[in-house]
Amino acid sequence: MKEKDIFKMDYYQTYYFADICNTIMENEFEYLRTLDDFWGNGHISNFIKPFQKYSNLHMFIEFTIDRLFYESNQNYSEFTIDELLNKRFWINNTLDYHNIEHISFKEWYKNNSNISTHAEDLMYKYLEFLEFSDFYIKLKNQMIEETFFILFLNRKFLREFNLNLSGILEISDIDDINDFTLVKQNKLVLKRKHIPKWAEKAVFYRDRGICTYCKKDLSGVMNISNKYHIDHIVPLEKYGLNDVSNLQLLCESCNTSKGSKHTKISNDYERWY
Ligand SMILES: [Zn+2]
């Protein structure tokens, strides 16, 4: 197996991040303003490019982590400079856990103490420095990869996520008509695109080579006549997106009976043993 296909799970607060992503999707109305920052203001154009390896779900996890990073820094506004110099911040602990070498507030302060005499300003500047640093990018990539690994298995979450995105696509103004196709009068939906091999493989192995609805074996080992289909969970006709997070494995007959109207997923998973 190639080295690039393997990554190390540190499991540092991974479930916490996954849970927050899930909570946002399950309580979309409570998080309307948050979500608007994610897909409002024409951001939908980032999500319609077909089958990006850095998928829409990766982008959502990144957005959630950035937001938590920002919020976790609201707690330091009451400290004095001396207190800050002796304090360990969430971000420092997290970087340490992942063995990412970085510049602590204390080290940073040595060269930047002239910026301000206010603890809050200094803290703000330090965090700004961190936010655009290579350490934070490295940390974020690790956390995004780990969180994606967990959430990609959760078809219930994937359905919610893609239903939300499709709702935004439905009400969006369309800039580039070339990505779209007219299915009914005034109804423009995304064109069907070729599903790349890597996306097909990811879905096939995630769903363990069985139809997620009827559990028919589609691996070609036990039965060579069962053909597998890679289905859009939220159909393109219902404003679904061409993204790896919007795919599931079905057999031919289940896919045909699902058609282009439904967004059904199965919450059944085969036990490990
Ligand atoms: Zn089936």
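In the block above lies the structure referred to throughout.
Residues numbered from 1 in each chain as written. Predicted model: local features only at pLDDT ≥ 70, side-chain atom pairs only at ≥ 80, totals over all residues. Heavy atoms only, no water.

1. Remarks on the environment of S266
Within the secondary structure, S266 is located in the segment after α12 (252-258). Here the alpha-carbon distance between S266 and K216, two residues 50 residues apart in the chain, equals 13 Å. Here the side chain of S266 touches D268 through a polar contact of 3.1 Å, landing on its backbone nitrogen. (Helix = DSSP H or I, 4+ residues; strand = E, 2+ residues; numbered from the N terminus. Polar contact = N/O pair within 3.5 Å; in protein donor to acceptor, adjacent residues only side chain to side chain.)

2. Structural notes on the pattern of salt bridges
Within this structure, the stated rule accounts for 15 salt bridges. The shortest N-O distance in the salt bridge between K125 and E128 comes to 3.7 Å. Here K125 and its partner E128 are both found in helix α8 (residues 119-131), three residues apart, which amounts to about one turn of the helix. A residue is classified by how much of its surface remains accessible, and K125, at 35% relative accessible area, is partly exposed. Taking the relative accessible area as the measure of exposure, E128 reaches 30% and is therefore partly exposed. D231 is paired through a salt bridge with K258; the nearest N and O atoms lie 2.8 Å apart. Remark: K258 occurs in helix α12 and D231 occurs in strand β3 (residues 228-232); sequence separation between them is 27 residues. For the residue pair D231 and K258, the accessibility class agrees, reading buried in each case. Among the charged side chains, a salt-bridge network with shared partners connects E62, D66 and K140. (Salt bridge = Lys/Arg side-chain N within 4 Å of Asp/Glu carboxyl O. Buried < 20%, exposed > 50% of the residue type's maximum accessible area, 1.4 Å probe, protein only.)

3. A few points about the nonpolar core
F60, I91 and F157 are the most contacted members of the largest nonpolar core, which totals 75 residues. Apart from the residues within four sequence positions on either side, F157 is in contact with C21, N22, M25, L57, F60 and L151. (Core = buried A, V, L, I, M, F, W, Y, C linked by side-chain atoms within 4.5 Å. Contact = heavy atoms within 4.5 Å.)

4. Digging into helix α7 (residues 105-112)
Where α7 is concerned, the buried positions are F105, W108 and N112. Buried residues of α7, seen end-on, are gathered within an arc of 65 degrees and therefore sit on one face of the element. For α7, the exposed residues lying more than 90 degrees away from the buried face are K110 and N111. Those residues of α7 that are buried are in contact with α5 (81-85) and α8. (Arc of directions from axis to C-beta.)

5. Notes on the coordination of the zinc ion
C211 (SG), C214 (SG), C251 (SG) and C254 (SG) make up the full set of protein donors to the zinc ion, lying at 2.3 Å. Taken together, the four donor atoms coordinating the zinc ion and their angles of 102 to 114 degrees define a geometry best described as tetrahedral. For the zinc ion, all donor residues lie on one chain, and their spacing in sequence is C-x2-C-x36-C-x2-C. Of this pair, C214 sits in the loop between α11 (197-206) and β3 while C254 sits in helix α12; the two residues are 40 residues apart in sequence, bridging distant segments of the chain. The class for C214 is partly exposed, based on a relative accessible area of 37%. The buried category is assigned to C254, whose relative accessible area is 11%. (Donors = N, O, S within 2.8 Å, 3.2 Å for Na, K, Ca; no water. Tetrahedral: all angles 85-135°; square planar, octahedral: opposite > 155°, others 65-115°.)

6. Description of the packing of aromatic side chains
Any pair of aromatic rings gets described here by the distance separating the centres and the angle formed by the planes. Applying the stated criterion across every chain, the model contains 24 aromatic pairs. Arranged with centres 6.1 Å apart and planes meeting at 90 degrees, the rings of F89 and F105 form a pair that is edge-to-face. Taken together, the residues F89 in the loop between α5 and α6 (90-97) and F105 in helix α7 connect sequence positions 16 residues apart. Across this residue pair, the class does not change: F89 and F105 are buried. When the ring of W108 is compared with that of Y126, the centres are 5.5 Å apart and the planes differ by 55 degrees; the resulting orientation is tilted. Residue W108 is located in helix α7, and its partner Y126 is located in helix α8; the two are separated by 18 residues in the primary sequence. What makes W108 buried here is its relative accessible area of 7%. The structure contains a cluster of three or more aromatic residues connected by ring pairs, namely F38, W39, F47, F60, F63, F157 and F161. The ring of F152 has R206 sitting right over it, with the charged end atom 4.6 Å from the ring centre. In this structure, R208 is placed above the aromatic ring of W272, and the distance from its NZ or CZ to the ring centre is 4.5 Å. (Phe/Tyr/Trp six-rings, centres within 6.5 Å; stacked < 30°, edge-to-face > 60°. Lys NZ or Arg CZ within 6 Å of the ring centre and 35° of its normal.)

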